[in-house]
Amino acid sequence: MKVKKKGLLAFGAVAVATSLALTGCSAGDNAETTDSASSTLTVWVDADRAAVLKDAAAEFTNESGVKVNLVQKDFAKIQEQFIAQVPTGKGPDITIAAHDWLGNLVSNGVVQPVELGDTAADYQQVAVTAMSYEGQTYGVPYAVENIALLRNTALASAAPATYDDMIAAGTAAGTEFPFLVQVGPESDPFHLYPFQTSFGAPVFGTNADGSYNPDDLSIGNAGGDAYAAWLAQEGAAGHLSVNVTSDIAKEKFNAGASPFFITGPWNVPDAEAAGIDLAIDPIPSAGGEPAQPFVGVQGFMVSAKTTNALAANEFLVNYVGSGKVQTALYEVGGRAPALTSAFEAAAADPITAGFGAVAASAVPMPNIPQMGKVWQYWGVTEAAIITGQGDPTQLWQKMTGEIQTAIQ
Amino acid sequence: MTRSGTPRNAAQVKKAAQSRRAGRIADAASVGVKVLLTKILLLGIVDAISVYALFVLALTQDWLVFTAVLLVALLVNVIYFRRGGLPAKYLTPGLIFLAVFQIFVIGYTGYIAFTNYGTGHNSTKDDAISSLIVSSQQRVPDSPSYALTILERLGTYSFLVTDPAGRVSVGDEITPLSRVTDAETDASGQAIALPGFTSLGFSDIVANQERIAALSVPLSNDPNDGTLRTPDGSSAYLYLSDLVYDEAADTLSDTTQNVVYTANGTTGSFVADDGTELLPGWKVEVGFDNFTKAFTTDSIRGPLISVTVWTFVFAFLSVGTAFALGLFLAIVFNDLRMRGRNVYRVILILPYAFPGFLSALVWAGMLNPQFGFVNQVLFGGAEIPWLTNEWLAKFSIILVNLWLTFPYMFLVTTGALQSIPEELQEAATVDGAKPWAIFRLIKLPLLLVSVAPLLIASFAFAFNNFNLVYMLTNGGPRDVTAGVNVGATDILITMVYKVAFDGANRDYGLASAFSIVIFVLVAAVSIISFRQTKALEELN
């Protein structure tokens, strides 16, 4: 009995200690960051990028005396956690980010502008445009990523010039599908976007500086109607099918069921592993105008509440923005570097060069917060048109009206 | 004391008793000291941590939490140093955990439901103002970049800048830039020192970076020429700001557009006369706005009713079908005449071993109309739109849920069946009852007594079965002509998710309000069901 009581007492006291420690910690971080952490940069980074940044961070620490604390995070959860934590003062100084989060991050007031200074010209133009919002640059880009046309050279010997050429070549190859693109039950506007732009119907019009203008919703213009009609026609012809999900498209292409596959670099390693001899081509135009896919840009952004603004800028602009680090990041992730000199070195690989060539004519994915309202109407409407659930023009115009209402 | 068989003299007995007592006292004393020391040590740790927390809280002037921590720490000390009050000693740690991890979380969710917390309103007003000002500072287009050395004299920092033409100037926050000629330059022509000033190295800059990052050195006496600022301590750029905060009037003025934005305490943002709102704003309490929004906004209220109905149908059917199948199998496998029962039982439990959301994804693939296993193999290539037709999708959800949950019901009912005494059945048989009557009138009521609470729990789980719906159909199929982002198979929790989190605009306030509504619904159903269960128990 005595022993038991003692154990319980001890347990009780430990429990109290931990719970108090918890309350103490949660409230205490505010104060800590201001004094003891002033010479430590906290950087949120995903697992793949962490290994590369470790070297850059060590070098930076050597030269400046500022410690860099790399915290690994799940990329998919960073946006939400960053928005939740920065206002409390507990967030990092720097985070890895995708450019299309930017509008959301800025309207939450959690990021601050980064001055690339004269190094801005060293990056691919599309990367800097993507990292800009309302005239300010908010991030140091490290990679650009976009979709292109993967061609199985054993089944098709030449790059198709137009969409019809592609269908003809695909039919001639005698495979199960003339070409493959992931659609899925709620469609996939991201992967179908190059066809949409080839009809001259981008989601938003652009300002003079290349940024998107949320007041100019051009998705519903005459080109949009033509694209909707084309979707219905291709859906009826069986070229576009909502049954083809991302897994099925990839599996079928790797099994040699089609010579063409519209997808991004993320599916290249598996296709190569399946023994397919790949060529990367521009996406053929269906509507006559250039088929421009979206470009996604990854980079690093600085917290609005950092107490280490100068060190953070110095680290990002002069270390993460260096050719060495950009090349190292490319080697681990396979995404084309945003720094022009690093990209040119990486373009020795024909796959990277192929995606890069498509990126040169591509457009950045809109980073304005209004884009968040577009997706929910866009995909299901495309899917309804493809499956023939009504008049394409009517459905498309209804969608345009709904987006218009939602973004006001 | 113990009485032995042989009589002893009184002195012997007394001596023995004394030594026993002494031994006990010594024993008790030594353990008591150990216990006391442990107690003092552990409470010392608790107190040390509390005192540290109190200091930190006092520094951040967080008086509410400060008081809470102080009271809890005092209470803990009183409880453990006081003699007696044993129940409190056992209960306190648990109660503290309960308060921190349950009551606080629930209370905070409730509080959020009454705020506008969400995209653009997730921080304080001060944060919003500084963020707006910082993002309105624009680098003057095509302005040169200045090579910079930061100087210090008597605690004041100055900028020593070299422009691209090689001209050297110095200035600080009050004095605009002026040309100097006596600066020391390095090989590249950049000025690095000035007599009478100390040049700062990078480590000094880092040590004082908050002050240096906040420095803005006017280019000339005319404020419209802009100010020099440095983002990294080694180069300076020319910036112009177009937002000015007036603390007295609580307004932000846009100097380039001549618009004045006034702080609005009800929306938590700066609003111009024409209604334009500046984002970010800040978090404010909005009273019952979120609840009114949930029930009056057309795009939410309309689907809310149909979704609520479907949620109840889904929850009842998923519990009902799984229970029926589980019970049927349990009865079948409970029959001693059944051979190889254990093998079957193990196979039946398999679906239970898979993670639910993974199974849902696999099923979504199997139900693909064109390439899925179900249509390809079982229906000979027929293109049955399992997940894209409204009614088939509802059917598929219930079917997959049945596949996922019947093993649980099977396990539970097997256990409950085995606990019903065999004699009851024998007695009933002797009385001439048919098997169906035995089951309906004797076994089922007895079974329900022990299983009913579990059924209610399953109902509450099915009511919020987010994983299944989200992974299998994502709430779809959606009727595109309805124009609302809610599909045929959406249940309340997935609808909340879509309303609050879909797209870039999060609305945590609205989501919290919804979760309170869902909580009330589930609680009401549970209370009613538990009342009914009590009636069942009276059978015993």
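Everything discussed here concerns the structure shown above.
Residues numbered from 1 in each chain as written. Chains lettered and ligands numbered in written order. Predicted model: local features only at pLDDT ≥ 70, side-chain atom pairs only at ≥ 80, totals over all residues. Heavy atoms only, no water.

**Student:** Honestly, the overall build of chain A in this entry has me stumped. Any pointers?
**Tutor:** Counting secondary structure elements, chain A contains 16 helices and 16 strands. Across the 408 residues in chain A, those meeting the buried criterion constitute 58%. Contacts spanning at least 24 positions in sequence make up 77% of the contacts within chain A whose residues lie at least 6 apart. The distance from the centre of the 18 positive side-chain charges to the centre of the 41 negative ones in chain A is 22 Å. (Helix = DSSP H or I, 4+ residues; strand = E, 2+ residues; numbered from the N terminus. Buried < 20%, exposed > 50% of the residue type's maximum accessible area, 1.4 Å probe, protein only. Contact = heavy atoms within 4.5 Å. Lys, Arg positive; Asp, Glu negative; His and termini not counted. Charge placed at Lys NZ, Arg CZ, Asp CG, Glu CD.)

**Student:** Looking at this structure, how should I read the overall build of chain B?
**Tutor:** Looking only at helices and strands, chain B has 17 helices and 16 strands in total. A compact globule built from 540 residues should have a C-alpha radius of gyration of about 24 Å, whereas chain B, at 37 Å, is more than 25% larger. Summarising its shape, the C-alpha atoms of chain B cover approximately 120 × 100 × 50 Å along the three principal directions. Counting the 540 residues in chain B, one finds 40% classified as buried. Roughly 29,600 Å² of accessible area belongs to chain B as shown, and the carbon and sulfur atoms make up 64% of that amount. Looking at chain B, you have 35 positive and 42 negative side-chain charges, and the mean spots of the two groups are 27 Å apart. (Rg over C-alpha atoms; globule rule 2.2 N^0.38 Å. Areas by Shrake-Rupley, 256 points an atom, 1.4 Å probe, with all protein chains shown as cover.)

**Student:** Even after reading the chapter, I still don't get a nonpolar patch on the surface, so can you show me in this structure?
**Tutor:** A contiguous nonpolar patch, built from Leu 86, Tyr 90, Leu 91, Leu 95, Leu 98 and Ile 103 of chain B and spanning about 560 Å² of accessible area, is present on the exposed surface. If you trace the backbone, Leu 91 of chain B turns up in helix α3 (residues 86-112). (Patch = residues over 30% accessible without salt bridge, like charges linked within 9 Å, V, L, I, M, F, W, Y side chains within 5 Å. Salt bridge = Lys/Arg side-chain N within 4 Å of Asp/Glu carboxyl O.)

**Student:** Please explain the pairing of strand β13 (residues 251-254) of chain B as it appears in this structure.
**Tutor:** Walk down a regular strand and you will see the side chains alternate between the two sheet faces. Residues and elements named next belong to chain B. Sheet topology note: the strand β12 (residues 243-246)/β13 ladder contains four bridges and is antiparallel. Across the sheet, the residue bridging to Leu 243 is Asp 254, located in β13. What sits between the antiparallel neighbours β12 and β13 is a turn of four residues, in which Asp 250 has the positive phi angle 60°. Alignment of β13 against strand β14 (residues 259-264), held across four bridges, turns out to be antiparallel. Of the residues in β14, the one forming a bridge with Thr 251 is Thr 262. What sits between β13 and β14 in their antiparallel hairpin is a turn of four residues, with Asn 258 showing a positive phi close to 60°. (Pairing = 2+ DSSP bridges.)

**Student:** Got a minute to help me understand unusual backbone geometry in this structure?
**Tutor:** Leaving glycine out, the prevailing phi sign among residues is negative, and the prevailing peptide bond configuration is trans. Of the consecutive residues Leu 279 of chain B and Pro 280 of chain B, the connecting peptide bond is found in the cis state with omega at 5°. Even without a glycine there, the phi angle at Ser 187 of chain A is positive, about 60°. You can see Ser 187 of chain A is positioned in the loop between β9 (180-181) and α7 (189-198). At Asp 250 of chain B, a residue that is not glycine, the phi angle is positive and equals roughly 60°.

**Student:** Any chance you could explain the nonpolar core here in plain terms?
**Tutor:** A general trend in soluble globular proteins is that nonpolar side chains are found buried together. Judged by nonpolar contacts, the single largest core of 110 residues is most densely connected at Phe 179, Phe 195 and Trp 378 of chain A. For this core, the element with the highest residue contribution is helix α15 (residues 371-386) of chain A, accounting for nine residues. The contact partners of Trp 378 of chain A, leaving out residues within four places of it in the chain, are Pro 189, Tyr 193, Gln 196, Val 203, Ile 219, Phe 294, Met 371, Trp 396 and Met 399 of chain A. The next biggest cluster of nonpolar side chains, apart from the first, holds 40 residues, and it includes Ala 322, Leu 447, Val 486 and Val 496 of chain B. (Core = buried A, V, L, I, M, F, W, Y, C linked by side-chain atoms within 4.5 Å.)

**Student:** Could you clarify how one ought to interpret the pattern of salt bridges in this entry?
**Tutor:** For side chains of opposite charge, pairing can occur when their charged atoms come near one another. Tallied over the full model, the rule gives 15 salt bridges over all chains. With its nearest N and O atoms 4.0 Å apart, the salt bridge here joins Arg 49 of chain A to Asp 48 of chain A. Note on Arg 49 of chain A: relative accessible area 4%, which makes it buried. A salt bridge links Arg 139 of chain B to Glu 115 of chain A; the nearest nitrogen and oxygen atoms lie 3.3 Å apart. Residue Arg 139 of chain B is located in strand β1 (residues 137-139), and its partner Glu 115 of chain A is located in the loop between β4 (111-112) and α5 (125-130); the two belong to separate chains. What you see here is one network of salt bridges that share partners, running through Asp 46, Asp 48 and Arg 49 of chain A.

**Student:** Explanation requested: helix α8 (residues 222-237) of chain A in the structure shown.
**Tutor:** All names here are of chain A. The terminal C-alpha atoms of α8 lie 23 Å apart, and with 16 residues this matches the ideal 22 Å at 1.5 Å per residue to within 8%. For α8, the set of buried residues is Gly 223, Gly 224, Tyr 227, Ala 228, Trp 230, Leu 231, Glu 234 and Gly 235. Taken around the axis of α8, the buried residues stretch over an arc of 165°, which confines them to a single face. Seen from the open side of α8, the exposed residues pointing more than 90 degrees away from its buried face are Ala 222 and Ala 236. The inward-facing, buried residues of α8 abut α6 (163-172), α7, α15 and α16 (392-407). Gly 238 lies just past α8 and shows a positive phi near 85°. (Expected span 1.5 Å × (residues − 1). Arc of directions from axis to C-beta.)

**Student:** Please clarify how the sheet that holds β9 of chain A should be interpreted in this entry.
**Tutor:** Sheet strands line up and pair through hydrogen bonds in the backbone, either parallel or antiparallel. On the basis of which strands lie adjacent, the open sheet formed by four strands has the order β9-β12-β8-β13 (chain A) and mixed pairing. With partners counted over all chains shown, the strands left at the sheet margins are β9 and β13 (278-281) of chain A, one partner each.

This is a description of form; function is not addressed.
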